[in-house]
Amino acid sequence: SSSSSSSSSSSLFERSSAAPSSVSSSMSSNNDFSDVNFSSSLQLQEDLRPLIIEYNTQLRETRRKNRWREGIRIFREMKDLGIPPDIITYTSLLSVLGRSNQPELLLRVFRMMLSDGNITPDAISFSALIDGLVRSNRLGEALGGFAEMQRLNITPNAFTYSSIISGLAERKEWQRAGELFMLMRRDNVAPDMVFFNSIIAACARSNQLGKALEYYALMRETEHPPGVHVFSSLIIACSRAEDPDTAVTVFKEMQKAKVKGDKVVYNSYIAALGTGGNVAAARKAFNEMKAENIDPDIVTYNSLMRAYTRNMDVEGAFEVLDELVENNLSPDIFTYNTMLSACIESGDEGAAGEIMAMMRNGKKGGGGGNSS
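Draft legend 1. Up close: helix 21 (residues 349-361). Compared with the 18 Å implied by 1.5 Å per residue over 13 residues, the 18 Å span of helix 21 between its first and last C-alpha is a close match. All of the buried residues along helix 21 are A351, A352, I355 and M358. Axial view of helix 21: buried residues confined to an arc of 120 degrees, hence all on one face. Away from its buried face by more than 90 degrees, helix 21 exposes E349, R360 and N361. Packing partners of the buried residues in helix 21 comprise helix 19 (314-326) and helix 20 (333-345).

What follows is the structure in structure tokens.
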């Protein structure tokens, strides 16, 4: 794996004059970086520090709003005015490009930073690069960036590791993820909340409940208490694994930790309970959700409906459908598919016909169930 990492690293930082295809059709040549060449001294940076700080503030705002085109405009304006960027300028622009899935521009800006004699890349700028590449599903190049950090003796931070390990988790490359986690510990980089949130969420997205629980156990050994994002990811993983018992355990631990669940938590919890057909528990969670002043949405009702259909309780499912409509929500394709499948499996041809008619006519209302 070391040879592949080194080759990725060399190709990652190789100079290229080719224009990025991802922006050629959406941006004018005025936004290309081919003619950008900052030539300045450290003294000039100090003389213009107030202006640089002002522009960096604007760039950070583009990151917050994911406005990468605006970030490029600000960057070019600095060039046109002869205002030299500093490490914060580059890092802010890298961050907005990475979050906006613009990998070609991301790489180009990073190469520009490397060629700037007044700038020394640090762990934060490398992390912005690596995170952006992982977000764009370019894990090989992200690993190349990680290898380049090591070559330059730049110690990765917790965010760097969380980005790389999350990318590996998404691909279910658990051995390499584990190796990087051990390297993280060897470098005495303490996992933080962002790390655990990212890793556990990645495990949930890749349907790896066991791995999510392993990292959850590691988190509980640290000084970082699990928050709503971690519990949400765990319960989502339980739902996808159709493991209602573990979902109940996690939900109780969340309540014991006095972490207040949000809509995502309750929707996922009701869905997990629904996979086991536990109507009473799903209805109880639904009522608790409303008691917490969290308004159910179509996902909530579909999840509750699933609990009834798992028990072949078509009449109960129709009651949920009616309740959904009474709350000014419209059935979606999942609603109809869930109802139709239950009607067919239970042999209730009359109810199935009613659902088919509702789908054709676009009607919102439900009927009864067991109509045959």
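Alright, that's what it looks like, and here's the rest.
Draft legend 2. Broad picture of the confidence of the model for the chain. Overall, the predicted model of the chain reaches an average pLDDT of 84, with 85% of residues at or above 70. Segment residues 1-31: pLDDT under 50, and 50 contacts once partners within four positions in sequence are set aside and those in other chains are kept. This model gives residues 365-372 a pLDDT under 50, and the stretch forms 27 contacts once residues within four places in sequence are excluded.

Draft legend 3. Molecular detail of unusual backbone geometry. Phi at N153 takes a positive value of approximately 60 degrees, unusual for a residue other than glycine. Despite not being glycine, N328 has its phi angle at roughly 65 degrees, a positive value. Secondary-structure assignment places N328 in the loop between helix 19 and helix 20. With a relative accessible area of 69%, N328 lands in the exposed category.

Draft legend 4. Just the packing of helix 12 (residues 193-205) against helix 14 (residues 228-240), in detail. The geometry of helix 12 relative to helix 14 is characterised by a closest axis approach of 8 Å and an angle of 15 degrees between their N-to-C directions. By the angle class used here, helix 12 and helix 14 are roughly parallel. Along this stretch, helix 12 crosses helix 14, giving a crossing that reads as left-handed. Judged by residue contacts, N197, I200, A201, A204 and R205 of helix 12 engage H229, V230, S233, L234, I236, A237 and R240 from helix 14.

Draft legend 5. Representation of the pattern of salt bridges within the structure. Taken as a whole and judged by the stated rule, the model has 20 salt bridges. The partner of D86 in a salt bridge is R49, with the nearest N and O atoms 2.7 Å apart. Of this pair, D86 sits in the loop between helix 5 (68-80) and helix 6 (87-99) while R49 is found in helix 4 (residues 49-65), placing the two residues 37 residues apart along the sequence. Through salt bridges with shared partners, a single network forms among E61, R64 and K65.

Criteria and thresholds
Residues numbered from 1 in each chain as written. Predicted model: local features only at pLDDT ≥ 70, side-chain atom pairs only at ≥ 80, totals over all residues. Heavy atoms only, no water. Helix = DSSP H or I, 4+ residues; strand = E, 2+ residues; numbered from the N terminus. Expected span 1.5 Å × (residues − 1). Buried < 20%, exposed > 50% of the residue type's maximum accessible area, 1.4 Å probe, protein only. Arc of directions from axis to C-beta. Contact = heavy atoms within 4.5 Å. pLDDT = per-residue confidence, 0-100. Axes fitted to C-alpha atoms, helices over the stretch in contact; angles between N-to-C directions. Parallel < 35°, antiparallel > 145°, perpendicular 65-115°, else oblique. Left-handed = near helix turned anticlockwise from the far one by under 90°. Salt bridge = Lys/Arg side-chain N within 4 Å of Asp/Glu carboxyl O.

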